[in-house]
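Residue strings, one per chain:
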Amino acid sequence: MQQNVLHTCLVENIRDIYDAEKQLTKAIPKLAKAASSDELAEALQEHLKETENQVTRIEQVFKLLEVPARGKTCKGMKGLIEEGAEALSDHDEGVLRDLAIIAAAQRVEHYEISAYGTARALAEQLEQAEVVRLLQQTLKEEATADNKLTECAMSLYDTQSAVQQ
Ligand code: FE
Ligand code: ZN
Ligand code: FE
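Nothing here was measured: the structure is a model prediction, and the numbers come from that model.

A. Fine view of the overall build of the protein. Looking only at helices and strands, the protein features five helices and zero strands. Judged by the C-alpha coordinates and their principal axes, the protein covers about 65 × 25 × 25 Å. Sorting the 165 residues of the protein into buried and exposed places 43% on the buried side. Taking all contacts inside the protein whose residues are at least 6 apart in sequence as the whole, residues at least 24 apart take part in 81%. Carbon together with sulfur atoms contributes 50% to the accessible area of the protein, which is approximately 9300 Å² in total. Both charge centroids of the protein, one from 18 positive and one from 29 negative side chains, sit 7 Å from each other.

Next comes the structure, spelled out in structure tokens:
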């Protein structure tokens with residue numbers, strides 16, 4: 001396949017990811033503030049810091065690809081964040097709301113894992129080793145964030161079954 005086709009496709013995907021990460025830097029603090037569980041609030045705060053780093057990493061990718069750092073509205077993330085907002089508007093503070101936050105946040109992480117996986121594959125094809133390395137770093141953080149959210153859910157299940165006994 002022609003290199004310029006792959007390059008254009010990678011740039012398009014990176015523009016989408018750039019916008020998605022920037023949307024998240026605004027959305028995650030609201031979810032963290034609305035969480036009752038300290039473990040969940042801390043996990044979200046921790047991932048907010050990582051997300052800010054990920055934005056910087058994408059700016060490095062733009063540089064390596066020699067294109068201006070410009071995002072293009074990620075409609076998928078917009079929808080996922082809207083659903084996250086519903087977790088707050090539909091539920092009062094408490095376990096149910098926390099579980100709804102986790103459900104929304106895990107959808108976000110999986111969406112990101114999918115987007116970064118595609119971008120990494122394109123960068124591999126283009127033999128852009130430094131871009132691959134940067135995308136891989138973020139991919140690892142997204143997977144860790146997803147696992148951490150699973151742990152938060154497990155803690156909530158435990159507290160709930162303790163209440164029932
Ligand atoms: Fe991210
Ligand atoms: Zn998108
Ligand atoms: Fe993430």
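There's more to say after this.
B. Inspection of the coordination of the iron ion (ligand 3) at higher detail. H47 (NE2), E109 (OE), E109 (OE), E112 (OE) and E142 (OE) make up the full set of protein donors to the iron ion (ligand 3), lying at 2.1 to 2.7 Å. Of note, the donors binding the iron ion (ligand 3) are all from one chain and are spaced H-x61-E-x2-E-x29-E. Between the iron ion (ligand 3) and the iron ion (ligand 1) the interatomic distance comes to 3.1 Å, and E112 is a ligand of both metals. Taken together, the residues H47 in helix α2 (residues 38-65) and E109 in helix α4 (residues 95-125) connect sequence positions 62 residues apart. For the pair shown, H47 and E109 are each scored as buried.

C. Summary view of the side chain of D19. For D19, the location among the structural elements is in helix α1 (residues 3-34). One buried charged side chain, D19, makes no salt bridge at all; its nearest oppositely charged neighbour is K22, positioned 6.6 Å away. Looking at D19, its side chain comes within polar contact range of the side chain of Q23, at 2.7 Å. Discounting chain neighbours no more than four positions away, the residues touching D19 are G71, K72, T73 and C74.

D. Geometry of the state of the cysteines. Under the criterion given, the structure shown has zero disulfides. Distance from the sulfur of C9, which forms no disulfide, to the nearest cysteine sulfur (C74) is 14 Å.

E. The arrangement of the coordination of the zinc ion (ligand 2) in detail. Within the protein, D16 (OD), D16 (OD), C74 (SG) and Y111 (OH) serve as the donor atoms for the zinc ion (ligand 2), at 2.1 to 2.5 Å. Classification of the site at the zinc ion (ligand 2) as irregular follows from its four donor atoms and the range of 56 to 153° in their angles at the metal. Considered as a linear motif, the donors of the zinc ion (ligand 2) on their single chain read D-x57-C-x36-Y. Of this pair, C74 sits in the loop between α2 and α3 (75-90) while Y111 sits in helix α4, and the two are 37 residues apart along the sequence.

F. Looking closely at unusual backbone geometry. Phi is positive for E66, close to 60°, though the residue is something other than glycine. Relative to the helices and strands, E66 resides in the loop between α2 and α3. For E127, which is not glycine, the phi torsion reads 55° and is therefore positive. The residue E127 is located in the loop between α4 and α5 (129-164) in this model.

G. Main features of the nonpolar core. Among the nonpolar cores identified, the biggest contains 25 residues, and L40, L44, M77, I101, I102 and L149 are the most heavily contacted of them. Of all the secondary-structure elements, those providing two or more residues to this core are α1, α2, α3, α4 and α5. In terms of residue count, α1 provides more of this core than any other element does, six residues in total. For I101, the contacting residues outside a window of four places in its chain are L31, A34, A35, L40, L44, A87 and L88. If you look at the next biggest cluster of nonpolar residues, it comprises 23 residues, including Y18, V55, L65 and V131.

Cut-offs applied
Residues numbered from 1 in each chain as written. Chains lettered and ligands numbered in written order. Predicted model: local features only at pLDDT ≥ 70, side-chain atom pairs only at ≥ 80, totals over all residues. Heavy atoms only, no water. Helix = DSSP H or I, 4+ residues; strand = E, 2+ residues; numbered from the N terminus. Buried < 20%, exposed > 50% of the residue type's maximum accessible area, 1.4 Å probe, protein only. Contact = heavy atoms within 4.5 Å. Areas by Shrake-Rupley, 256 points an atom, 1.4 Å probe, with all protein chains shown as cover. Lys, Arg positive; Asp, Glu negative; His and termini not counted. Charge placed at Lys NZ, Arg CZ, Asp CG, Glu CD. Donors = N, O, S within 2.8 Å, 3.2 Å for Na, K, Ca; no water. Salt bridge = Lys/Arg side-chain N within 4 Å of Asp/Glu carboxyl O. Polar contact = N/O pair within 3.5 Å; in protein donor to acceptor, adjacent residues only side chain to side chain. Disulfide = S-S within 2.5 Å. Tetrahedral: all angles 85-135°; square planar, octahedral: opposite > 155°, others 65-115°. Core = buried A, V, L, I, M, F, W, Y, C linked by side-chain atoms within 4.5 Å.

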